[in-house]
Amino acid sequence: MDKSGNSSIDTIARTCVAARLRLLNRVVTNFYDDALRPLGLKASQLNILIVTAKLGLARPGQVCEILQLDASTLSRNVKPLQAHGWVEVVPGEDARAQPFRLTPKGKRLIEKSVPAWEEAQRRASELLGNEGISLLDKAARKVGMSQAGR
């Protein structure tokens, strides 16, 4: 390969934001998934439970928008939550977009998950440092992640 090709490859390998974010995402997600595994829960599912708890009645389109998920990913993640009895579907007029809500069992699961979440949060914060967390907060606000806190 010519010199310019190697230079481009080196530049992309060294500086690609997407590659570095995906790597950090996998590492940090593993902190949470490892901590939550004894509860039978993944970080992605806990996020859905938290958004559902905050909304009260969670409409799939709303959850997808808040968490930036496509409908099939949400559906795939909600099925096991429903099977465990942590969320329940609320029959609506539109059978395609059935809203769901947290059950008392789901609320107890969230409460039981707090120590595991805190440990994963500590590990992630240690990895990223205060400056990294601050930059993450700033970037998340730019893409509207504050919607989840409404």
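Note that the structure is predicted; figures quoted are calculated from it, not measured. (Residues numbered from 1 in each chain as written. Predicted model: local features only at pLDDT ≥ 70, side-chain atom pairs only at ≥ 80, totals over all residues. Heavy atoms only, no water.)

Attention now goes to helix α4 (residues 60-67). Of all the residues in α4, the buried ones are Pro60, Val63, Cys64 and Ile66. Down the axis of α4, the sector holding all buried residues measures 165°, keeping them to one side. Positive phi shows up at Gln68, right after α4, with a value of about 55°. (Buried < 20%, exposed > 50% of the residue type's maximum accessible area, 1.4 Å probe, protein only. Helix = DSSP H or I, 4+ residues; strand = E, 2+ residues; numbered from the N terminus. Arc of directions from axis to C-beta.)

Residues other than glycine seldom take positive phi values, yet Gln68 does so here, at roughly 55°. Within the secondary structure, Gln68 sits in the loop between α4 and α5 (71-83).

Moving on: the pattern of salt bridges. Overall, the coordinates contain five salt bridges when judged by the stated rule. The residue Arg37 makes a salt bridge to Asp34 at a minimum N-O spacing of 3.0 Å. Glu88 is the salt-bridge partner of Arg101, the closest N and O atoms lying 2.7 Å from each other. Linking Arg101 in strand β2 (residues 100-102) with Glu88 in strand β1 (residues 87-89), this pair joins segments that are 13 residues apart in sequence. Judged by relative accessible area, Glu88 falls into the partly exposed class, the value being 32%. (Salt bridge = Lys/Arg side-chain N within 4 Å of Asp/Glu carboxyl O.)

With respect to the helices, strands and loops of the structure, Thr52 is situated in helix α3 (residues 43-55). Reaching out from Thr52, the side chain makes a polar contact with the backbone oxygen of Ile48 at a distance of 2.7 Å. Residues within four places of Thr52 in sequence aside, it is in contact with Ala58, Phe100, Arg101 and Leu102. (Polar contact = N/O pair within 3.5 Å; in protein donor to acceptor, adjacent residues only side chain to side chain. Contact = heavy atoms within 4.5 Å.)

This part is about the packing of α3 against helix α6 (residues 104-142). Where α3 contacts α6, the axes come no closer than 12 Å and their chain directions differ by 130°. Classed by the angle they form, the pair α3 and α6 counts as oblique. Like other packed secondary-structure pairs, α3 and α6 cross with a definite hand, here left-handed. Listed contacts from α6 to Leu46, Leu49, Ile50 and Ala53 of α3 are Leu109, Ile110, Ser113 and Trp117. Taken together, the residues of the contact of α3 with α6 sort by class into seven nonpolar, one polar and no charged. (Axes fitted to C-alpha atoms, helices over the stretch in contact; angles between N-to-C directions. Parallel < 35°, antiparallel > 145°, perpendicular 65-115°, else oblique. Left-handed = near helix turned anticlockwise from the far one by under 90°. Nonpolar A, V, L, I, M, F, W, Y, C, P; charged D, E, K, R; others polar.)

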